[in-house]
Amino acid sequence: MRLKDKVAIITGAGSGIGAASAILFAQEGAKVAVVDMNLKGAEEVAQEIKAKGGKAIALKANIASTDEVDKMAEIVLKEFGTIDILVNNAGTNEFVPFPVLQEADVAKVMDINFMGSFRCVKAVLPTMTEKMYGKIINITSVMSVIAGKGQNAYNASKGALKMLTQGMAYDLASYNINVNAVGPGMTRTGLTKNLFANPDRVKWFEEKIPLGRLGTPEDIAPAILFLASDESSYITGQTIFVDGGMVATR
Ligand SMILES: NC(=O)c1ccc[n+]([C@@H]2O[C@H](COP(=O)([O-])OP(=O)(O)OC[C@H]3O[C@@H](n4cnc5c(N)ncnc54)[C@H](O)[C@@H]3O)[C@@H](O)[C@H]2O)c1
């Protein structure tokens, strides 16, 4: 019970890495707000948690909307009384290479991956600063430090989120708020379903991963749990790459 009675918000928790984290957090005693713009996915995950005896609510919010994010935080406060943990996991990707890449492509990815995380942080900070306690975990990517072909917008959004993690860790340390990032490697989820539908592509990636295989959401979630727990109370501003060793070879 490493998160006993802690209240956690996990965005993008209706699928993939967020869903695996929500299920693991609940197993460890947290009350989990399963947030996603896909309400059906969020409801299925919350239902699975409750069926196993855990506590969860499913909430629909698009992190591209400040109003929806603020309302989401209000509902969590009303339902669970406080907010201890925020996992900024909702994210998107578009493969658009230069010179085709347009301003609108970049704006869309930045608005979700970077500004969406910023909006969620702003919504939970009044509670966290007042109680002088908080854990914020931003889900970045190996792509925050490795350039991918046709991934300029994604690279920029995740690189910016990595630096926001470091800057927020500095600013919020005096409030006893830890801010860290988890950078997943190549992981089989809804986001990468099309990419990994091609066996040649899978082989190409596996050759670049020292552990020789793609990751699963269940490989990533334990690192998020560690950074959400008090076991990591002297760690802030860091990124843990959970990538089978991919970044280490660059
Ligand atoms: N899968 C990978 O290989 C990989 C690698 C590195 C980083 N990541 C990051 O991990 C995070 C989770 O992705 P995943 O791979 O589990 O993908 P996923 O598609 O399985 O899950 C992402 C979830 O986020 C939700 N979402 C997307 N945009 C949203 C928005 N604007 N508001 C609210 N919810 C929104 C989707 O509905 C979906 O349920 C993302 O930030 C992604 O960039 C994934």
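Before reading further, recall that the structure is shown in the block above.
Residues numbered from 1 in each chain as written. Predicted model: local features only at pLDDT ≥ 70, side-chain atom pairs only at ≥ 80, totals over all residues. Heavy atoms only, no water.

Asker: Talk me through the sheet that holds strand S5 (residues 134-139); I want residue IDs and the actual numbers.
Answerer: With parallel pairing, the seven strands of this open sheet are ordered in space as S3-S2-S1-S4-S5-S6-S7. Where the open sheet ends on each side, the last strands, each with one partner, are strand S3 (55-60) and strand S7 (239-242). On average, each strand axis in the sheet is tilted by 15° relative to the strand beside it, whichever way the strands run. Across four bridges, the pairing between strand S6 (residues 177-184) and S7 is parallel. The residue bridging valine 182 from the neighbouring strand is isoleucine 240, located in S7. Contacts between helix H1 (residues 16-27) and the sheet are confined to strand S1 (7-11), strand S2 (31-36), strand S4 (85-88) and S6, with S1 contributing the most and set at about 170° to the helix. Running at roughly 175° to S3, helix H2 (residues 39-51) makes contact with S2 and S3 of the sheet. (Pairing = 2+ DSSP bridges. Helix = DSSP H or I, 4+ residues; strand = E, 2+ residues; numbered from the N terminus. Axes fitted to C-alpha atoms, helices over the stretch in contact; angles between N-to-C directions. Contact = heavy atoms within 4.5 Å.)

Asker: Tell me about unusual backbone geometry, and please be specific about residues and values.
Answerer: The phi torsion of most residues other than glycine is negative, and most of the peptide bonds are trans. The amide bond that connects phenylalanine 98 to the next residue, proline 99, takes the cis arrangement and shows omega of 5°. Relative to the elements of secondary structure, proline 99 occurs in the loop between S4 and helix H4 (103-131). Of note in the backbone geometry, methionine 132 takes a positive phi value of approximately 55° without being a glycine. Following the sequence through the fold, methionine 132 ends up in the loop between H4 and S5. The class of methionine 132 is partly exposed, set by a relative accessible area of 40%. (Buried < 20%, exposed > 50% of the residue type's maximum accessible area, 1.4 Å probe, protein only.)

Asker: I'd like a rundown of the nonpolar core, residues and numbers included.
Answerer: The biggest cluster of nonpolar side chains holds 33 residues, and the ones touching the most others in it are Phe25, Val34, Ile137, Val182 and Ile224. Looking at this core, the elements with two or more residues in it are S1, H1, S2, H2, S4, S5 and helix H7 (217-228). At eight residues, the largest contribution of residues to this core is made by H1. Sequence-distant contacts of valine 182, defined by excluding residues within four places in its chain, comprise Ile137, Asn138, Ile139, Thr140, Ser141, Ile220, Ala223, Ile224, Leu227, Ile240 and Val242. Among the nonpolar cores identified, the runner-up in size contains 32 residues, and Val69, Met128, Met168 and Ala169 belong to it. (Core = buried A, V, L, I, M, F, W, Y, C linked by side-chain atoms within 4.5 Å.)

Asker: How would you explain the environment of leucine 125 if you had to name every residue and give the values?
Answerer: In this structure, leucine 125 sits in helix H4. Taking the C-alpha atoms as reference points, leucine 125 and aspartate 84, separated by 41 residues in sequence, lie 9.9 Å from one another. Those residues in contact with leucine 125 that sit more than four places away from it in its chain are Glu130, Ile136, Leu172 and Ile177.

Asker: So what's going on with the site of the ligand? Which residues, and what values?
Answerer: Near the ligand lie 27 residues; those nearest to it are Ser15, Asp36, Asn89, Tyr154 and Thr189. Asparagine 89 has a polar backbone atom sitting 2.8 Å from an oxygen atom of the ligand. Measuring from an oxygen atom of the ligand, one finds a backbone N or O atom of glycine 185 at 3.3 Å. About the coverage of the ligand: the protein hides 93% of its 820 Å² of free accessible area. When atom positions are compared with the pocket grids, the ligand is found to occupy the largest pocket. Counting only elements with at least two residues in the shell around the ligand, the list comes to H1 and helix H5 (152-172). Classifying every residue of the shell around the ligand by side-chain character gives eleven nonpolar, 14 polar and two charged. (Near = heavy atom within 4 Å. Polar contact = N/O pair within 3.5 Å; in protein donor to acceptor, adjacent residues only side chain to side chain. Areas by Shrake-Rupley, 256 points an atom, 1.4 Å probe, with all protein chains shown as cover. 1 Å grid on protein atoms, 1.4 Å probe; cavity = no way out; pocket = protein on both sides within 12 Å on 5 of 7 lines; lining within 4 Å. Sits in = over half its atoms within 2 Å of the grid points. Nonpolar A, V, L, I, M, F, W, Y, C, P; charged D, E, K, R; others polar.)

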